[in-house]
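Residue-level listing of the chains:
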Amino acid sequence: MKNNNSLLALIVLTLGVALVSSCQKKKVTEKDGIEYAYVSEGNETAPNGDFLLYNLEITNGDDSVIYSTASQPFPGYLMANDSITPTNGMDEIFLNLKKGDSIAFESTAKIIFGENFPPFLKEDDVVKVRLGAFEIMDQVEIEAFFNQTMEAEELKRADRAKELLVEEAKTIEAYVAEKGLDANKTESGLYYVIEEEGTGEPVTPGTTMNVNYAGYLLDGTLFDTSIEELAKEHDVYNAQRPYEPLPVNVGMGQVIPGWDEGLLLLKKGSKGKFLIPSPLAYGENGAGAMIGPNSILIFDVEVVDVQK
């Protein structure tokens, strides 16, 4: 990296200053006529093939944030290439960025986003942009930067997962007590109930198990099932999918961690219930419209068949 300033400090420099300083210089793009103001102006152009890193904040006319790199793991970046011809005003602004530039401007949603403006905006709605370019890196430097950032993000995610396991254990234990369940807890944080023991040898990783299941949110909402009658009963029936036992090659990462671990505790004919904290389910991302971020999931499962 070509300087040792922290990313946080650079965000403050390139975005924070843009919000409080008076503008020194103004320009207008040849295309679209966007008037943009320099809060500060840089003088270092990225060589062709190098990458210019920038922070970006886009808000609506009421200053509600539409997008910000501050909420993302990585800043924005573009590869310098002086042979590219800008096709619109936004291209002009980005392609002419220099390290140290801090720019503020506003225009309509259609001009800022083109034809693909967000559906919650009208094409003539005011959109404000704050843009600050803070670093130039070559290919080796940017790869190292992203690798370091990803490693740091993974550590943060692991720490958050540990905290959530502790917090969500209290919620699950309260649910278990309320429902009178005889639940056990694994070292990873999975809660499970064996309702019918089943027969046969213990299952090992790589075994295929055919499983009927019903998945619920903590409030009892059914979000998925392999059982047709249950899907119809809860108004989640989908005629485009088959309703039959799900084949799972267990212990191989084909399903969420809570399932992988829980199924290894069952045998052919077993019936059970998994109470899965979010880090062992879909975590911070959630899944689809019904499973939100950090959702505790409950599954009723029945092992119909085992094929070793």
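Just so you know, these numbers come straight off a predicted model, no measurement behind them.

Asks: Help me out: how do you make sense of the side chain of N212 in this one?
Replies: With respect to the helices, strands and loops of the structure, N212 is situated in strand β10 (residues 208-217). A distance of 2.8 Å separates polar atoms of two side chains, one belonging to N212 and the other to S226. Leaving out residues up to four positions away in the same chain, N212 has contacts with S226, I227, E244, P245, D300, V301, E302 and V304.

Asks: I tried to follow the nonpolar core on my own but got confused; where do I start?
Replies: One recurring pattern in soluble globular proteins is that nonpolar side chains are buried together. Judged by nonpolar contacts, the single largest core of 24 residues is most densely connected at F94 and F105. Of all the elements, strand β7 (residues 126-137) adds the most residues to this core, at five residues.

Asks: Mind showing me how you'd approach the domain arrangement of the chain here?
Replies: Domains assigned within the chain are domain 1 (26-137) and domain 2 (163-307). When each unit is reduced to the centre of its C-alpha atoms, the spacing between domain 1 and domain 2 is 45 Å.

Asks: In this structure, what is going on with the packing of aromatic side chains? I would like to understand it.
Replies: We describe a pair of aromatic rings using the distance from one ring centre to the other and the angle between the two ring planes. Summed over all chains, the structure comprises 10 aromatic pairs. With 5.3 Å between their ring centres and 70 degrees between their planes, Y54 and F94 make a pair best called edge-to-face. With Y54 in strand β3 (residues 51-60) and F94 in helix α2 (residues 89-95), this pair connects stretches of sequence that are 40 residues apart. Each member of the pair, Y54 as well as F94, is classed as buried. An angle of 85 degrees between the planes, with centres 4.7 Å apart, marks the rings of F74 and F146 as edge-to-face.

Asks: Is there a simple way to explain the environment of E233 in this structure?
Replies: Here E233 shows up in helix α5 (residues 228-233). According to the relative accessible area criterion, E233 is exposed, its value standing at 59%. Separated by 176 residues in the primary sequence, E233 and E57 place their C-alpha atoms 46 Å from one another.

Asks: Can you help me understand unusual backbone geometry in this one?
Replies: Outside of glycine, negative phi angles account for most residues, and trans bonds account for most peptide bonds. Phi is positive for D32, which is not a glycine, with a value near 75 degrees. The residue D32 is located in the loop between β1 (25-28) and β2 (35-40) in this model. Classification of D32 by relative accessible area gives partly exposed; the value is 41%. Even without a glycine there, the phi angle at D235 is positive, about 60 degrees. With respect to the helices, strands and loops of the structure, D235 is situated in the loop between α5 and β12 (246-249). On the accessibility criterion, D235 (71% relative accessible area) is exposed.

Asks: Please clarify how the pattern of salt bridges should be interpreted in this entry.
Replies: Side-chain pairs of opposite charge can arise whenever the charged atoms involved come near each other. Going through the model one piece at a time under the given rule, you end up with 12 salt bridges. With a shortest N-O distance of 3.3 Å, E135 and K99 are connected by a salt bridge. Taken as a pair, E135 in strand β7 and K99 in the loop between α2 and β6 (102-108) lie far apart in primary sequence, 36 residues in all. Here E135 matches K99 in class, with each residue buried. R157 is paired through a salt bridge with E154; the nearest N and O atoms lie 2.7 Å apart. Taken together, the residues span about one helical turn, with R157 and E154 both in helix α4 (residues 139-179) at a distance of three residues. According to the relative accessible area criterion, R157 is partly exposed, its value standing at 35%. Since its relative accessible area comes to 46%, E154 is described here as partly exposed.

Asks: Can you walk me through the side chain of D260 in this structure?
Replies: Summarising the element assignment, D260 is placed in helix α6 (residues 257-263). Residue class for D260 comes out buried when judged on its relative accessible area of 10%. In this structure the side chain of D260 is engaged in a polar contact, spanning 2.8 Å, whose partner is the backbone nitrogen of G253. If we skip the residues at most four places from it in the chain, D260 touches N249, V250, G251, M252, G253, Q254 and V255.

Asks: Looking at this structure, I do not really get the pairing of strand β11 (residues 222-225). What am I missing?
Replies: Judged from the three bridges that link them, β10 and β11 form a sheet pairing that is antiparallel. Paired with Y216 across the two strands is L222, which belongs to β11.

Asks: Mind showing me how you'd approach the pairing of strand β13 (residues 271-276) here?
Replies: Both faces of the sheet carry side chains from a regular strand, because those side chains alternate between them. Counting buried residues along β13, five of its six residues qualify, which places the element largely inside the surrounding structure. Pairing of strand β9 (residues 191-196) with β13, which is carried by five bridges, proceeds in the antiparallel orientation. Note on β13: the bridge partner recorded for I194 is G272. Pairing analysis gives six bridges linking β13 to strand β14 (residues 297-307), with the strands arranged antiparallel. Across the sheet, F274 pairs through a bridge with F299, a residue of β14.

Conventions and cut-offs
Residues numbered from 1 in each chain as written. Predicted model: local features only at pLDDT ≥ 70, side-chain atom pairs only at ≥ 80, totals over all residues. Heavy atoms only, no water. Helix = DSSP H or I, 4+ residues; strand = E, 2+ residues; numbered from the N terminus. Polar contact = N/O pair within 3.5 Å; in protein donor to acceptor, adjacent residues only side chain to side chain. Contact = heavy atoms within 4.5 Å. Core = buried A, V, L, I, M, F, W, Y, C linked by side-chain atoms within 4.5 Å. Buried < 20%, exposed > 50% of the residue type's maximum accessible area, 1.4 Å probe, protein only. Domains from an automatic or database assignment. Phe/Tyr/Trp six-rings, centres within 6.5 Å; stacked < 30°, edge-to-face > 60°. Salt bridge = Lys/Arg side-chain N within 4 Å of Asp/Glu carboxyl O. Pairing = 2+ DSSP bridges.

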